[in-house]
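# Tertiary structure, described
If you want the building blocks of each chain, they are given just below.
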Amino acid sequence: MLFGRKKKNPIKIADKKVAEWKYTTCGYCSTGCSIEVGLNDQGTPVATRGVGSADVNRGKLCVKGIFEHELFKSKGRGNEPLIRQHIHNAYQKTSWEDALNTTANEIKRIQGTYGRDAFAIISTGQLMTEEFYTLGKLSRGVIGTNNYDGNTTLCMASAVSGYKRSFGSDGPPGCYDDFEHTECLMAFGSNLPEQHPIIFWRLKQALEKRSFPVIVVDPRVTMFSQMADMHLAITPGTDVVLLNALAHVIIDEGLADTDYIKNHTSGAETFEKLVAQYDPVTASKICGIDEDTIRNVARLYAKADAAMSIWTMGINQSTHGSDGVVGINNLNLITGNIGKEGGSSLSITGQCNAMGTREWSSCSGLPGYRVLENPEHRKEVADFWNIDPEFFPKQRGLFQTDIFPAIETGQIKGLWLIATNPMTSMPNTARIRKTLEKLEFLVVQDSYEDVETTQYAHVYFPAATWAEKEGCFTNTERRVNIVRKVTEPPANAKADLWIFNQMAKRFEQSAKMQFPETSAEVFNEMRQLSKGRLVDISGMDHDLIEQQRGIQWPYPTTQNDANSPADNPHHKQDKDNSRLYTDGRFQYADQKAKLISLPFIDNNEVPDQEYPFWLNTGRVVEHFHSRTKTGKIGNCNKFSPTPYMEINPDAALELGIEHMSYVRLVSRRGDAIVLAQLTQRVPHNMIFVPFHFHDCVNRLSLGLLDPHSRQPAFKQSAVRIEHVDQQEAAQLNVEMRNF
Ligand SMILES: Nc1nc2c(c(=O)[nH]1)N[C@H]1C(S)=C(S)[C@@H](COP(=O)(O)OP(=O)(O)OC[C@H]3O[C@@H](n4cnc5c(=O)[nH]c(N)nc54)[C@H](O)[C@@H]3O)O[C@H]1N2
Ligand SMILES: Nc1nc2c(c(=O)[nH]1)N[C@H]1C(S)=C(S)[C@@H](COP(=O)(O)OP(=O)(O)OC[C@H]3O[C@@H](n4cnc5c(=O)[nH]c(N)nc54)[C@H](O)[C@@H]3O)O[C@H]1N2
Ligand code: SF4
Ligand SMILES: [Mo]
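Residues numbered from 1 in each chain as written. Chains lettered and ligands numbered in written order. Predicted model: local features only at pLDDT ≥ 70, side-chain atom pairs only at ≥ 80, totals over all residues. Heavy atoms only, no water.

### Here's the deal with unusual backbone geometry
The residue after Trp-553, namely Pro-554, is reached through a cis peptide bond having omega 0°. Phi angles above zero are rare outside glycine, and Trp-466 is one such case at about 35°. Its location among the elements puts Trp-466 in the loop between β16 (459-462) and β17 (471-474). At Arg-478, a residue that is not glycine, the phi angle is positive and equals roughly 65°. Within the element layout of this structure, Arg-478 appears in the loop between β17 and β18 (479-483). Judged by relative accessible area, which is 0%, Arg-478 ranks as buried. (Helix = DSSP H or I, 4+ residues; strand = E, 2+ residues; numbered from the N terminus. Buried < 20%, exposed > 50% of the residue type's maximum accessible area, 1.4 Å probe, protein only.)

### Quick word on the domain arrangement of the protein chain
You can read the domains of the protein chain as domain 1 (20-73), domain 2 (82-149 + 370-515), domain 3 (157-348) and domain 4 (613-737). One C-alpha centre belongs to domain 1, the other to domain 2, and the line joining them spans 28 Å. Counting residues at the interface gives 20 residues for domain 1 and 16 residues for domain 2. With both chains or domains summed, domain 1 and domain 2 bury close to 1,500 Å², and 58% of this area falls on carbon and sulfur atoms. Ranking the residues of domain 1 by area buried against domain 2 places Tyr-23, Thr-25 and Phe-72 at the top, with a combined share of 35%. Run the count over domain 1 and domain 2 and you get one salt bridge. (Domains from an automatic or database assignment. Contact = heavy atoms within 4.5 Å. Buried area = accessible area lost by both parts, 1.4 Å probe. Salt bridge = Lys/Arg side-chain N within 4 Å of Asp/Glu carboxyl O.)

### Things to note about the state of the cysteines
Under the defined criterion, the tally for this structure stands at zero disulfides. A disulfide-free cysteine, Cys-363 has its sulfur positioned 13 Å from the sulfur of Cys-155, the nearest such atom. Take Cys-363: its relative accessible area is 6%, and that puts it in the buried class. With no disulfide of its own, Cys-696 lies closest to Cys-636 among cysteine sulfurs, the gap being 19 Å. Judged by relative accessible area, which is 2%, Cys-696 ranks as buried. (Disulfide = S-S within 2.5 Å.)

### With respect to the site of ligand 2
Residues in close proximity to ligand 2 total 35 residues, the closest being Asn-151, Asn-421, Ser-425, Asp-446 and Ser-626. Contact distances for ligand 2 include 3.1 Å between an oxygen atom and a side-chain N or O atom of Thr-420. Within the complex, the protein chains bury 99% of what would otherwise be the 910 Å² of accessible surface of ligand 2. Two domains each donate at least three residues to the shell around ligand 2, and these are domain 2 (82-149 + 370-515) and domain 4 (613-737). (Near = heavy atom within 4 Å. Polar contact = N/O pair within 3.5 Å; in protein donor to acceptor, adjacent residues only side chain to side chain. Areas by Shrake-Rupley, 256 points an atom, 1.4 Å probe, with all protein chains shown as cover.)

### Quick word on the packing of aromatic side chains
Both the distance between ring centres and the angle between the ring planes are used here to describe each pair of aromatic rings. Inspection of the entire model under this criterion finds 16 aromatic pairs. Taking 5.8 Å as the distance between ring centres and 55° as the angle between the ring planes, the aromatic pair formed by Tyr-163 and Trp-311 counts as tilted. Residue Tyr-163 is found in helix α5 (residues 157-167), and its partner Trp-311 is found in strand β12 (residues 307-311); the two are separated by 148 residues along the sequence. Assigned by exposure class, Tyr-163 and Trp-311 land together as buried. An aromatic cluster is present here, built from Trp-96, Trp-416, Phe-461, Trp-498 and Phe-500 joined pairwise through their rings. Lys-137 extends its terminal NZ or CZ atom over the ring of Phe-515, reaching a point 4.8 Å from the ring centre. Above the plane of the ring of Phe-688 lies Arg-220, whose end atom (NZ or CZ) is 3.5 Å from the centre. (Phe/Tyr/Trp six-rings, centres within 6.5 Å; stacked < 30°, edge-to-face > 60°. Lys NZ or Arg CZ within 6 Å of the ring centre and 35° of its normal.)

### Thoughts on the site of ligand 3
Around ligand 3, the structure places Cys-26, Tyr-28, Cys-29, Thr-31, Gly-32, Cys-33, Leu-61, Cys-62, Lys-64, Gly-65, Pro-197 and Ile-198. Elements with a minimum of two residues in the shell around ligand 3: α2 (63-66) and α7 (197-209). When its residues are assigned to classes, the shell around ligand 3 shows eight nonpolar, three polar and one charged. (Nonpolar A, V, L, I, M, F, W, Y, C, P; charged D, E, K, R; others polar.)

### Brief notes about helix α13 (residues 291-303)
Between its first and last C-alpha atoms α13 spans 18 Å; for 13 residues at 1.5 Å apiece the expected length is 18 Å, and the two agree. By the burial criterion, the buried members of α13 are Thr-293, Ile-294, Val-297, Ala-298, Tyr-301 and Ala-302. Summarising the axial view, the buried residues of α13 lie within an arc of 150°, below the 170-degree limit, and thus occupy one face. The exposed set on the far side of α13, more than 90 degrees from its buried face, consists of Asp-292 and Lys-303. (Expected span 1.5 Å × (residues − 1). Arc of directions from axis to C-beta.)

### Some remarks on the pattern of salt bridges
Under the defined criterion, the tally for this structure stands at 42 salt bridges. Salt-bridge contacts for Glu-291 lead to Arg-295; the nearest nitrogen and oxygen are separated by 2.8 Å. Residue Glu-291 and its partner Arg-295 are located together in helix α13, separated by four residues, close to a single helical turn. Using a relative accessible area of 32% as the deciding quantity, one classes Glu-291 as partly exposed. Arg-295 gets classed as partly exposed once you look at its relative accessible area, which sits at 23%. In this structure, Asp-543 and Arg-484 form a salt bridge, with 2.9 Å as the shortest nitrogen-oxygen distance. One end of the pair, Asp-543, is in helix α23 (residues 542-547); the other, Arg-484, is in the loop between β18 and α21 (496-505), with 59 residues separating them in the sequence. Arg-484 gets classed as buried once you look at its relative accessible area, which sits at 14%. Members of the salt-bridge network, linked through shared partners, are Glu-610, Arg-664, Asp-671, Asp-695, Arg-699, Arg-720 and Glu-722.

### Focus: the sheet that holds strand β3 (residues 45-50)
The strands that make up a sheet pair up through hydrogen bonds in the backbone, lying either parallel or antiparallel. In spatial order, the strands read β1-β2-β3; together these three strands make up an open sheet with antiparallel pairing. Of all strands in the sheet, those with a lone pairing partner are β1 (20-25) and β3, marking the two edges. Adjacent strand axes in the sheet meet at a mean angle of 30° when their direction is disregarded. (Pairing = 2+ DSSP bridges. Axes fitted to C-alpha atoms, helices over the stretch in contact; angles between N-to-C directions.)

### Brief notes about the environment of Val-56
As for its position among the elements, Val-56 is in the loop between β3 and α2. Separated by 124 residues in the primary sequence, Val-56 and Glu-180 have C-alpha atoms spaced 13 Å apart. If near-sequence neighbours (up to four positions away) are discounted, Val-56 is found in contact with Thr-31, Gly-32, Cys-33, Tyr-176, Ile-198, Arg-202, Asn-475, Glu-477 and Arg-479.

### Regarding helix α17 (residues 375-385)
Within α17 the residues assigned to the buried category are His-377, Arg-378, Val-381, Ala-382 and Trp-385. When α17 is viewed along its axis, its buried side chains cluster within an angular range of 125° and face the same direction. Of the exposed residues in α17, those oriented more than 90 degrees away from the buried face are Pro-375 and Glu-376. Residues of α17 that are buried make contact with α4 (129-143) and α22 (519-530). Among the residues trailing α17, Asn-386 stands out with phi positive, at a value near 65°.

### Focus on the nonpolar core
One recurring pattern in soluble globular proteins is that nonpolar side chains are buried together. In terms of nonpolar packing, the biggest core is built from 124 residues, with Leu-138, Leu-242, Trp-416, Phe-461 and Trp-553 touching the most fellow members. By residue number, the principal contributor to this core is helix α9 (residues 239-252), which donates nine residues. Listed in part, the 23 residues of the second largest apolar core include Leu-82, Phe-404, Ile-407 and Ala-457. (Core = buried A, V, L, I, M, F, W, Y, C linked by side-chain atoms within 4.5 Å.)

Dropping the structure here:
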């Protein structure tokens, strides 16, 4: 063996001739890895590396982060503003002046003709927090539409809603360090190794030091479930039933933390009555997990000194998404596992700044987790912005998923889409196409000109992306980290902050208001507005954030002894702010968390004779969402270049489907062509399709909405499989590829 090794050539890593490394934060997922981008002596970004001193990733990066510098020169970027009279005409290049004036005039015309709320704004989880805050000020304080929301309704809305219902406020209470202390970890509908590879690496590190049971609840045999101690292959959409049954066993067997329930929760009596109905035998028939396993897991979880749950889209994207989150919170409340080391309900967030938008964008309310329904909150923010509180609506408007139907019915006539691509990411895209075509005016603001939604717009704003501008992201564990500007945006593309500020100038209402130009100045505004709130960031500033490689909130001013936090290089946190609710006091008036009863009503589209397969959808490690970025990066795209489905080999045999042959998937909404990949990862009655490809799985999906969060059930609908002509399908597939 040794002999053989000696003969091998050592691996050589090409010298990229980096002259300077610049600090920034990854712009893909919500893990929040600190990155350095290497520039050569011409100032061209040529390399990326992880930052060793950053607590989150400790020098590591995943496949997306490692090649992130290639984004700057990727094809399809928008260089100039574009304009056209009608969506069937060709676009013409135009000046920013013209593009902004036309848009402002159209907003005014639509609002003047049909009312203020007839113009809607849909934002994202992928801008900087300072940009979100400014967009919120523009939408709520200047333009004044109540139909302003974000793509986070497709993503985190159920987590937000569930936290609010259980604890009285949004805000994930745990952190990655909890892996180091937990004695039992349950993961619901999360494929951590592929979707949050570095959080997964943190978990693996903890497991190498100390063993504790890992239980993965997922209908698929994911990479995560393959390394777990137990895999619970749940029937899609029934996690609430499993959670009620776990609570049933814990209470029935006297394993609950009765002191915690008494001192820190309300609603126990009704809750106990409800879960009494979910004995493991009855539950197992609905959720597909056998009764012994339910009992075993309940005992493991309740007897552990510290137990934690994490979850992602398998819970959130369901008609019971919000209930699923509340069910997880219930489980942790009855076992006393909130706000303690290794004991937590930790929602793993999605986009790089899904948290920042929740905290500061005003999408569902007002900045700093304030709500429109509270007159004091309206007054505080109105005074701060120097506007009349009466300008604000007294109730939040439509959710993102309700804005499209409101276009269909003519209630909304104009739309501004910012960093989101609904033509690929929304369920039932045929319906979305029709709604977009119905708009009197659509403006798309995206870093990529070739994003599908631009085909339906009248005006296109080319935006800078990621480290072409400066500002903060908040990650899954409430850690605020900074993206420093590494390079200039292409041609005439502009930072989103600049675009919002320019738009504000075009409305009279903004004359008495402040719209600071730099993101550091905007951050200072947010600091002031955050004082005394749960999301207190008043002790941070951009420089301190970089010095510390990210800081978790809450982080009040009292934690600083210097005027400008970064002035003090020896600055240390004097209070551990890694976890929320450590004192068991919650954000409800009585300071108690709520135990909420969750009766289960099965309302999904389920497989039947005509459409015999569950359609499950999600992601792969190499791609990010609608592939505007990763589709053009060779080292990401080449590993997953084609739309495909996972199908169980037995099911494939019965239907005569060969491995790597093309098939047509058909649902009640539409059809799509995919390659068949035969794998035991999915059960006999399920197929799984990644949602990254345009004109693919979201032509099929139904997306029934959760009643609380309005988040679509992307992961549950029904399809059948048909044979197709292989050559025709192959041709179609080649046309769809980027590489
Ligand atoms: N590589 C990569 N990483 C990403 C992203 C990306 O696009 N690419 N996107 C980021 C974003 S925005 C998000 S939101 C996260 C998403 O991260 P994840 O939620 O981890 O990813 P998904 O693949 O969407 O879904 C996770 C799992 O939910 C399971 N599931 C389906 N139905 C059910 C059910 O009824 N119950 C349970 N318990 N599980 C179910 C699916 O089988 C799937 O394995 O990833 C983030 N990270
Ligand atoms: N079937 C199915 N569908 C799903 C899901 C699923 O699991 N299954 N998951 C859902 C989830 S969790 C999510 S989060 C959504 C994501 O859905 P989208 O938000 O629609 O997807 P992205 O491709 O991330 O779109 C972001 C856009 O912003 C642009 N962009 C990037 N950076 C910037 C910037 O700095 N400024 C501007 N102006 N633009 C920028 C990108 O080019 C891209 O076009 O998809 C949802 N859709
Ligand atoms: S784990 Fe997420 S944040 Fe870290 S490098 Fe990968 S995509 Fe970026
Ligand atoms: Mo997401």
